[in-house]
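Chain by chain, the residues run as shown.
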Amino acid sequence: MRIIPIISAILVSAFLYGIIIERDAILAFARGEGLGGFSDDATEGAEDTRTAAVEPEVETATDAAPSGDAAPALRPVGVVTILSQAREIDSAVIIRGQTEADRQVDLRAETAGTVVSDPIRKGARVEQGDVLCEIDPGTRQDLLAEAEARLAEAMASVPTAEARVTEAKARVTEAEINQNAAQKLSATGFASDTRVASSEATVRAAEATLAQAESGLSTAQAAIRSAEAAVASARRDLDRTKIHAPFGGLLENDTAEIGSLLQNGGTCATIIQLDPIKLVGFIPETEVNRVETGARAGARLATGGNDIMGRVTFLSRAADPQTRTFRVEIEVPNADLAIRDGQTAEIAIAADGVQAHFVPQSALTLNDDGDLGVSIVDGDNMARFSPITILRDTKDGVWISGPPDEAQIIVIGQDYVVDGVPVKPRVQDAQQ
């Protein structure tokens, strides 16, 4: 019963012995050299025979190459090229940005009170001056009436004060005349010194009465100004009970509900103006000098639709400290309000024209340093690498700058050549 495991162990051991110990012999048998083991002398003889058979071939090959001659010339590499003539194109500055409402404001209450107006629902269009929220005036109207009454009283006291001033001036004039007469009579001996002193006292009393009358007039005029300020304050507080739209636009939320209590600073409504609308983006510092205020600009919204056009209205003079970019704003007409606030847009701002070549995207390649460029054919039919700058990317190809104005650009086979490799170009028409 135990003989089968023993036989299995023997067979496995023999198999492992052949695979590990006699591996070379088995491989030799597989190559047709037989399993009759070779002695070391026989093996060395066979190696000598093979070496002798190879050495004549190497010597023949060496004799075939003349000593001192240059290496044989490389065979030209077949490539496909296009003859490209540089053309002037608008070098647009491409950035990504978003739409932004021209104006947006949160209308807040400047006085406290209960709302007595019906709410206007969000999305409604309002015009400048429309009443959006009305607060219960309470006693504000009575306070205004009281202030107006005080103003009337103050104004009524002015004529009396002016009359007193006029009377006081007349008395001063009369006293001065009597004083002059007394002094002249006293000089001729017809009036006593007592009369002269009495006339001088009368003049001083008249002057004091005039000063008092003028002070009363000033007090009356000050009372008028105070009453006018009180009236203005009462009217202003009364006007604050009605919150008006500062400009035409759309409501972003419902106005305050009737019966709700608005405190100072409480929000009545949010209104935005979308016509015109702004496109806002940020230009890298390497491109900012190419953009000017007033330049034409276009944009394509992420939601699709027709392209929109406008002009640059603002270019920041200070860079964002985090991104080192400059804010740019473009004003776009939006009479139908089709453009919403906060939509993503790809913006192209027109800049000065540059000379550029139009090539298929497949023609672009990299050199050993990782620089992006194209391979061109020089006058000696040698391949040359030309670094490029991509100016504009389209679905049919790319506009690039960098190669000479007239260039033979390799569009097929550029990945198989390097600088100095001879090429055999076959020209095809450029695809525009």
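Residues numbered from 1 in each chain as written. Predicted model: local features only at pLDDT ≥ 70, side-chain atom pairs only at ≥ 80, totals over all residues. Heavy atoms only, no water.

Peer 1: An account of the overall build of the protein is requested, with residue identities and associated values reported.
Peer 2: Broken down by element type, the protein carries five helices and 22 strands. Taking all 432 residues of the protein together, 31% fall into the buried category. Contacts in the protein between residues far apart in sequence, at least 24 positions, make up 76% of those at least 6 positions apart. Here the protein has roughly 27600 Å² of accessible surface; of this, 52% comes from carbon and sulfur atoms. (Helix = DSSP H or I, 4+ residues; strand = E, 2+ residues; numbered from the N terminus. Buried < 20%, exposed > 50% of the residue type's maximum accessible area, 1.4 Å probe, protein only. Contact = heavy atoms within 4.5 Å. Areas by Shrake-Rupley, 256 points an atom, 1.4 Å probe, with all protein chains shown as cover.)

Peer 1: Please set out the pairing of strand β18 (residues 383-387) residue by residue, giving values where relevant.
Peer 2: Across five bridges, strand β17 (residues 372-377) lies against β18 in antiparallel orientation. Considered in β18, the bridge of I376 is made with R384. (Pairing = 2+ DSSP bridges.)

Peer 1: I'd like a rundown of the state of the cysteines, residues and numbers included.
Peer 2: On inspection of all chains with the given rule, the structure shows one disulfide. With a sulfur-sulfur separation of 2.0 Å, C133 is cross-linked through a disulfide to C268. Taking the sign of the S-S torsion, 95° for the link of C133 and C268, the bridge is right-handed. Taken together, the residues span a long stretch of sequence, with C133 in strand β6 (residues 131-134) and C268 in strand β10 (residues 267-284) at a distance of 135 residues. For the pair formed by C133 and C268, the shared burial category is buried. (Disulfide = S-S within 2.5 Å.)

Peer 1: Before we move on, can you summarise a negative patch on the surface with the specific residues and values?
Peer 2: Together, D368, D369, D371 and D419 give the surface a local cluster of negative charge. Here D371 lies in the loop between β16 (365-366) and β17. (Patch = residues over 30% accessible without salt bridge, like charges linked within 9 Å, V, L, I, M, F, W, Y side chains within 5 Å. Salt bridge = Lys/Arg side-chain N within 4 Å of Asp/Glu carboxyl O. Lys, Arg positive; Asp, Glu negative; His and termini not counted. Charge placed at Lys NZ, Arg CZ, Asp CG, Glu CD.)

Peer 1: Could you give me a rundown of the sheet that holds strand β20 (residues 398-401), with the residues and numbers involved?
Peer 2: Strand order in the open sheet formed by four strands is β2-β15-β20-β19, and the pairing between neighbours is antiparallel. Since the sheet does not close on itself, it has two edges, and those belong to β2 (87-90) and β19 (389-393), each with one partner. Each adjacent strand pair in this sheet contributes to an overall mean axis angle of 50°, direction not counted. For strand β15 (residues 353-359) and β20, the ladder comprises three bridges, and the chain directions are antiparallel. Bridged to V359 within β20 is V398. (Axes fitted to C-alpha atoms, helices over the stretch in contact; angles between N-to-C directions.)

Peer 1: So what's going on with the environment of I390? Residues and values would help.
Peer 2: With respect to the secondary-structure elements, I390 resides in strand β19. I390 sits 12 residues away from G402 along the chain, and the two C-alpha atoms are 9.1 Å apart. Setting aside residues no more than four positions away along its own chain, I390 makes contact with L364, L372, W399 and I400.

Peer 1: An account of the packing of helix α4 (residues 140-188) against helix α5 (residues 193-239) is needed here, citing residue identities and associated values.
Peer 2: Running from N to C, α4 and α5 point in directions that differ by 165°, and their axes come no closer than 7 Å. Judged by the inter-axis angle, α4 sits roughly antiparallel to α5. In the packing of α4 onto α5, the handedness of the crossing is left-handed. Along the lines of polarity and charge, the residues of the contact of α4 with α5 split into 28 nonpolar, 10 polar and 16 charged. (Parallel < 35°, antiparallel > 145°, perpendicular 65-115°, else oblique. Left-handed = near helix turned anticlockwise from the far one by under 90°. Nonpolar A, V, L, I, M, F, W, Y, C, P; charged D, E, K, R; others polar.)

Peer 1: Give a detailed account of the nonpolar core, specifying residues and quantitative values.
Peer 2: In terms of nonpolar packing, the biggest core is built from 27 residues, with L279, I283, I330, I347 and I349 touching the most fellow members. For this core, the secondary-structure elements that each account for two or more residues are β3 (93-108), β10, β11 (296-301), β12 (308-315), β13 (325-332) and β14 (344-349). Top element by residues in this core is β10. It accounts for five residues. Discounting residues that sit within four places of it in the chain, I347 has contacts with V93, I94, I95, G97, L279, V280, G298, A299 and I330. (Core = buried A, V, L, I, M, F, W, Y, C linked by side-chain atoms within 4.5 Å.)

Peer 1: I'd like a description of the pattern of salt bridges, backed by residues and values.
Peer 2: Where charged atoms of side chains with opposite charge meet at close range, the side chains can pair. Taken as a whole and assessed by the stated rule, the structure comprises 13 salt bridges. A salt bridge links E329 to K278; the nearest nitrogen and oxygen atoms lie 3.9 Å apart. Taken together, the positions of E329 in strand β13 and K278 in strand β10 put the pair 51 residues apart, joining distant regions of the chain. Overall, the relative accessible area of 14% leaves E329 in the buried class. Judged by relative accessible area, K278 falls into the buried class, the value being 13%. Residue R384 pairs with D378 through a salt bridge whose shortest N-O separation is 3.0 Å. One continuous salt-bridge network, built from bridges that share partners, spans E100, K278, R327 and E329.

Peer 1: Account for the confidence of the model for the protein, with residues named and values stated.
Peer 2: Chain-level statistics for the protein give a pLDDT mean of 83 and a share of 88% at 70 or above. Of all the helices and strands in the protein, helix α3 (residues 40-64) carries the lowest mean pLDDT, 37, while β13 carries the highest, 95. Note that pLDDT drops below 50 for residues 34-71; the model gives that stretch seven contacts with residues more than four away or on any other chain. (pLDDT = per-residue confidence, 0-100.)

Peer 1: If you had to explain the packing of aromatic side chains to someone new, which residues and values would you point to?
Peer 2: What describes a pair of aromatic rings is the distance from one ring centre to the other and the angle between the planes of the rings. Applying the stated criterion across every chain yields a total of one aromatic pair. Between the aromatic rings of F358 and W399, the centroid separation amounts to 5.0 Å while the plane-to-plane angle is 55°, which identifies the pairing as tilted. Pair noted here: F358 is in strand β15 and W399 is in strand β20, with a separation of 41 residues, a long-range link. Lying across the ring of F247, R103 places its NZ or CZ 4.4 Å from the centre. (Phe/Tyr/Trp six-rings, centres within 6.5 Å; stacked < 30°, edge-to-face > 60°. Lys NZ or Arg CZ within 6 Å of the ring centre and 35° of its normal.)

Peer 1: Break down unusual backbone geometry for me, with residues and values.
Peer 2: The omega torsion across D275 and P276 is 0°, close enough to zero to call that bond cis. With respect to the helices and strands, P276 occurs in strand β10. One non-glycine residue, N381, lies in positive phi territory at about 55°. Of note, N381 is situated in the loop between β17 and β18.

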